[in-house]
Amino acid sequence: MNDLAERLSLARFPRSARYDPRWTVENQMGPNALWLLEWLAPAMGLDGLTEDAQVLDLGCGRAMTSVFLAREYRVRVTAADLWVKPDENAARLAEAGVADRVLPVAAEAHDLPFGEASFDAIVSIDAYQYFGTDDLYLPTLTRLLKPGGRIGVVVPALREEIDGTEPPEHLKPFWEPAFWCFHSAEWWRRHWTRSGAVTVETAEWQEDGWREWLLWSEVCAEESPSEFMRGLARDSVEMLRADEGRTLGFVRVVGRRL
């Protein structure tokens, strides 16, 4: 095993460890999306889906999560993203051998071109925070789910909600206004419950998730082929080392359509 693979092979993410670490680094757009999806999967019961199940991967980025869904759970995936062109993702999907099971589309989260009850499940990894804090959003999204279907997301999050209008003192050098879309597990539970669209089955903080986020950022700061992404990773490393898990991490949320 090479050094990069050894660093990124974590015992609790055995499926992710089977993927080429260079491929994951080259296609990353933030925290390790495969690790986060593998953490989400058991809470959603993805192993229980049939091979003809239709899954929407919302905010799929460079479609790594779509490849993972198609390979690991043998489902059919619609890979929707606003920022990455479908043609670019189509090439990646073909190279990964899943072009017959994944359809890449260009879509904005508030204008999804799908009919009601089109999907057995909806997944969103490190994207839902950008649009899902809107009180009116979840009911419009879950109409795309079949009755009883699940939606599951993993988002960067807060261990506890922050009072007032200022971040913790130790995070002020790193804080950006966009970080106010980060919330706690209980905030997400209340937010989804109040929508009336789903029964919340899971709203859970990832213990020590910040350590894996830090490890991934350290690797990307060294190994990413993009100077822009290396710079973002270096910023994340500084922030996570300053925080040491006091404030920042990840939350997974799963709801079943009523």
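Structure first, text after, so check above.
The shown structure was predicted, so the numbers you read here are calculated from the model rather than taken from an experiment.

Trainee: Would you mind showing me how to read the overall build of the chain here?
Mentor: Along the backbone of the chain there are nine helices and seven strands. A compact globule built from 258 residues would reach a C-alpha radius of gyration of about 18 Å, and the chain, at 18 Å, matches this within 12%. Here the C-alpha coordinates of the chain stretch approximately 45 × 45 × 30 Å along the principal axes. The proportion of buried residues among the 258 residues of the chain is 55%. The contacts in the chain between residues at least 6 apart in sequence include a share of 76% that link residues at least 24 apart. Of the charged side chains in the chain, 28 are positive and 42 negative; the average position of the first set lies 4 Å away from that of the second.

Trainee: Please clarify how the nonpolar core should be interpreted in this entry.
Mentor: Burial of nonpolar side chains together is a common tendency in soluble globular proteins. Leu-37, Leu-40, Leu-69 and Ile-125 are the most contacted members of the largest nonpolar core, which totals 60 residues. The leading source of residues in this core is helix α3 (residues 33-44), at 10 residues. In contact with Leu-40, other than residues within four places in its own chain, are Val-123, Ile-125, Gly-152, Val-153, Val-154, Arg-252, Val-253 and Val-254.

Trainee: Could you clarify how one ought to interpret the sheet that holds strand β6 (residues 198-205) in this entry?
Mentor: Within a sheet, adjacent strands bond to each other through the backbone by hydrogen bonds, running parallel or antiparallel. Spatially, seven strands are ordered β3-β2-β1-β4-β5-β7-β6 in an open sheet, and the strand pairing comes out mixed. Every other strand in the sheet has two partners, leaving β3 (102-106) and β6 as the edge strands with one partner each. Put simply, the sheet's adjacent strands are angled 15 degrees from each other on average, direction ignored. Here strand β4 (residues 119-125) runs beside strand β5 (residues 145-158); their pairing, made up of six bridges, is parallel. Looking across to β5, one finds that Ala-121 is bridged to Arg-150. Sitting on the sheet, helix α8 (residues 209-223) is in contact with β5 and β7 (248-257), with an inclination near 115 degrees to β7.

Trainee: Could you clarify how one ought to interpret the layout of surface pockets in this entry?
Mentor: To find the voids left in a structure, one rolls a probe of water-molecule size over its atoms. When its volume is computed, the largest pocket comes out at roughly 1,200 Å³. Looking at the largest pocket, it is lined by 47 residues, and the ones nearest its centre are Met-29, Gly-30, Pro-31, Asp-126 and Tyr-130. When contributions to the lining of the largest pocket are tallied by element, the ones reaching two or more residues are β1 (54-58), α4 (64-73), β2 (76-81), α8 and α9 (227-243). Of the residues forming the lining of the largest pocket, the biggest block, seven residues, is contributed by α9.

Trainee: Hey, could you run me through α8 in this one?
Mentor: Think of an α-helix as turning once every 3.6 residues; residues three or four places apart then point the same way. Helix length check: α8, at 15 residues, gives a terminal C-alpha distance of 21 Å against a target of 21 Å (1.5 Å per residue), a fit within 8%. Counting buried positions along α8 yields 11 of 15 residues, so the element is predominantly enclosed. Within α8 the residues assigned to the buried category are Gly-209, Trp-210, Glu-212, Trp-213, Leu-214, Leu-215, Trp-216, Ser-217, Val-219, Cys-220 and Ala-221. Elements that come into contact with the buried residues of α8 comprise α1 (3-8), α2 (21-27), α3, β5, α9 and β7.

Trainee: Whenever I open this one, the environment of Leu-37 confuses me. Can you help?
Mentor: Among the structural elements, Leu-37 can be located in helix α3. In this view, Leu-37 contacts Leu-46, Thr-65, Phe-68, Leu-69, Val-123 and Ile-125; residues no more than four positions away in its chain are not counted.

Trainee: Looking at this structure, I do not really get the side chain of Ser-16. What am I missing?
Mentor: As for its position among the elements, Ser-16 is in the loop between α1 and α2. The buried category is assigned to Ser-16, whose relative accessible area is 6%. Polar contacts involving the side chain of Ser-16 include one to the main-chain carbonyl oxygen of Leu-34, which spans 3.3 Å. Non-local contacts of Ser-16, meaning those with residues more than four positions away in its chain, are made with Leu-34, Trp-35, Glu-38 and Phe-68.

Trainee: Honestly, the packing of α3 against α4 in this entry has me stumped. Any pointers?
Mentor: Each pair of packed helices can be summarised by the angle the axes make with each other and by the distance between the axes. Relative orientation of the contacting elements α3 and α4 amounts to 45 degrees, with a least axis distance of 9 Å. Relative to α4, the element α3 is oriented oblique. Every pair of crossing elements has a handedness; the one defined by α3 and α4 is right-handed. Residues Ala-33, Leu-34, Leu-37, Glu-38 and Ala-41 of α3 pack against Met-64, Thr-65, Phe-68, Leu-69 and Tyr-73 of α4. Of the residues contributing to the contact of α3 with α4, the split by class is eight nonpolar, one polar and one charged.

Trainee: How should I be thinking about unusual backbone geometry in this particular structure?
Mentor: Glycine aside, negative phi is the norm for most residues, and most peptide bonds take the trans geometry. The phi dihedral of Asp-126 falls on the positive side, at around 55 degrees, and the residue is not glycine. Within the secondary structure, Asp-126 is located in the loop between β4 and α6 (137-142). Overall, Asp-126 belongs to the buried group, its relative accessible area being 17%. Here Glu-244, not a glycine, exhibits a phi torsion of approximately 55 degrees, which is positive. Its location among the elements puts Glu-244 in the loop between α9 and β7.

Reading guide: rules and limits
Residues numbered from 1 in each chain as written. Predicted model: local features only at pLDDT ≥ 70, side-chain atom pairs only at ≥ 80, totals over all residues. Heavy atoms only, no water. Helix = DSSP H or I, 4+ residues; strand = E, 2+ residues; numbered from the N terminus. Rg over C-alpha atoms; globule rule 2.2 N^0.38 Å. Buried < 20%, exposed > 50% of the residue type's maximum accessible area, 1.4 Å probe, protein only. Contact = heavy atoms within 4.5 Å. Lys, Arg positive; Asp, Glu negative; His and termini not counted. Charge placed at Lys NZ, Arg CZ, Asp CG, Glu CD. Core = buried A, V, L, I, M, F, W, Y, C linked by side-chain atoms within 4.5 Å. Pairing = 2+ DSSP bridges. Axes fitted to C-alpha atoms, helices over the stretch in contact; angles between N-to-C directions. 1 Å grid on protein atoms, 1.4 Å probe; cavity = no way out; pocket = protein on both sides within 12 Å on 5 of 7 lines; lining within 4 Å. Points joined across faces, edges and corners; volume = space filled by probe spheres on them. Expected span 1.5 Å × (residues − 1). Polar contact = N/O pair within 3.5 Å; in protein donor to acceptor, adjacent residues only side chain to side chain. Parallel < 35°, antiparallel > 145°, perpendicular 65-115°, else oblique. Left-handed = near helix turned anticlockwise from the far one by under 90°. Nonpolar A, V, L, I, M, F, W, Y, C, P; charged D, E, K, R; others polar.

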